[in-house]
Amino acid sequence: QASGGSTDTSHGVWCPRCPPVERAMDGVDLLIFVDVDGVVNLGLHDDGRAPLLLNQLCVDMCDAPETAQEGGACVARIMSCARSLPDCVCPGADETAPLLVARLARILRHATGRRSVVLTSSWRKPRHANRVRRLEAELSRHLGRPFQFDASTEV
């Protein structure tokens, strides 16, 4: 069973009953699939563990003297990326980098005509509803108009 998801405007909450991707394709000329991780943030592989998000909190932890001495290759990778890609570091403990959100908004702005934006990320799961709302708000601010994902792929 396909499950969709977008913000239910009547309640302002993540709604898994909203249109699945199949319905979002009706009358659409362009489908844009958004996999959030790696598009609006950067994750660094951590030797078989979940990727580490490149945010300022992580950078600060890695830059602490005790971590820098014991951290090894992973800490070195984080610090190297933070130095070489400072605009891609998410502020504080945030999960989106403003520059990368702005780039996604620019793509969406230039996608004219009948388009549908489909969330394909793990963020489509109900437990990430707040993340999605924050991302939609950031995109709305960059676009200068309200933005919501039109659908999501199956969970």
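Here we summarise the structure given alongside this text. Being a predicted model, the structure only gives us computed values, none of them experimental.

1. Points about the pattern of salt bridges
Side chains that carry opposite charge are capable of pairing whenever their charged atoms lie near each other.
Thought 1: Here the structure, examined in full by the defined rule, presents three salt bridges.
Thought 2: With a closest N to O distance of 2.6 Å, Arg131 and Glu95 form a salt bridge. Here Arg131 is found in helix H6 (residues 129–143), whereas its partner Glu95 is found in the loop between helix H4 (72–84) and helix H5 (98–110), with 36 residues between them in sequence.
Thought 3: One salt bridge in this structure joins Glu95 and Arg134, with 3.6 Å as the shortest N-O distance. In this pair, Glu95 is assigned in the loop between H4 and H5 and Arg134 in helix H6, connecting sequence segments 39 residues apart.
Thought 4: Through salt bridges with shared partners, a single network forms among Glu95, Arg131 and Arg134.

2. Some points on the nonpolar core
Thought 1: Grouped together as the largest cluster of nonpolar side chains are 18 residues, with contacts concentrated most on Leu108, Leu135, Leu139 and Phe149.
Thought 2: Mapped by element, the contributors of at least two residues to this core are strand S3 (30–34), H5, strand S6 (115–119) and H6.
Thought 3: What Leu139 contacts, discounting residues up to four positions off in sequence, is Val101, Leu104, Ala105, Leu108 and Phe147.

3. Thoughts on helix H2 (residues 56–63)
Thought 1: Residues of H2 that are buried include every one of Cys58, Val59 and Cys62, and no others. Looking straight down H2, one finds its buried side chains confined to an arc of 100 degrees; they lie on one side.

4. Considerations on the sheet that holds strand S7 (residues 151–152)
Thought 1: The parallel open sheet is built from three strands, whose spatial order is S3-S6-S7. Edge positions in the sheet fall to S3 and S7, since each of these pairs with one other strand and no more.
Thought 2: Strand direction decides the pairing type here: S6 and S7, joined by two bridges, are parallel. Residue pairing in the sheet places Val118 in a bridge with Ala151 of S7.

How each quantity is defined
- Residue positions are given per chain, counting from 1 as you read along its sequence in written order.
- Per-residue local features of the predicted model are confined to residues with pLDDT of at least 70, and side-chain atom pairs are confined, for both listing and counting, to 80 or more; whole-chain, interface and lining totals are unaffected and use all residues.
- Here the side-chain values reflect all heavy atoms present in the structure, with hydrogen atoms and water set aside.
- Salt bridges are defined as contacts in which a side-chain nitrogen from Lys or Arg sits within 4 Å of a carboxyl oxygen from Asp or Glu.
- In DSSP terms, a helix is any run of H or I states spanning at least four residues, a strand is any run of E spanning at least two, and both are numbered starting from the N terminus.
- For this analysis, a nonpolar core means a set of buried residues of the types Ala, Val, Leu, Ile, Met, Phe, Trp, Tyr and Cys, connected via side-chain atoms within 4.5 Å.
- Summary of the burial criterion: residues with accessible area below 20% of their type's maximum are buried, those above 50% are exposed, and those between are partly exposed, where the area comes from a 1.4 Å probe applied to protein chains only.
- Should any heavy atoms of two residues lie within 4.5 Å, those residues are considered in contact.
- What the arc measures is the spread of directions leading from the helix axis to the C-beta atoms.
- The pairing criterion is simple: DSSP has to find at least two bridges between the two strands.

Without other data, these values stay purely geometric and don't point to any function.
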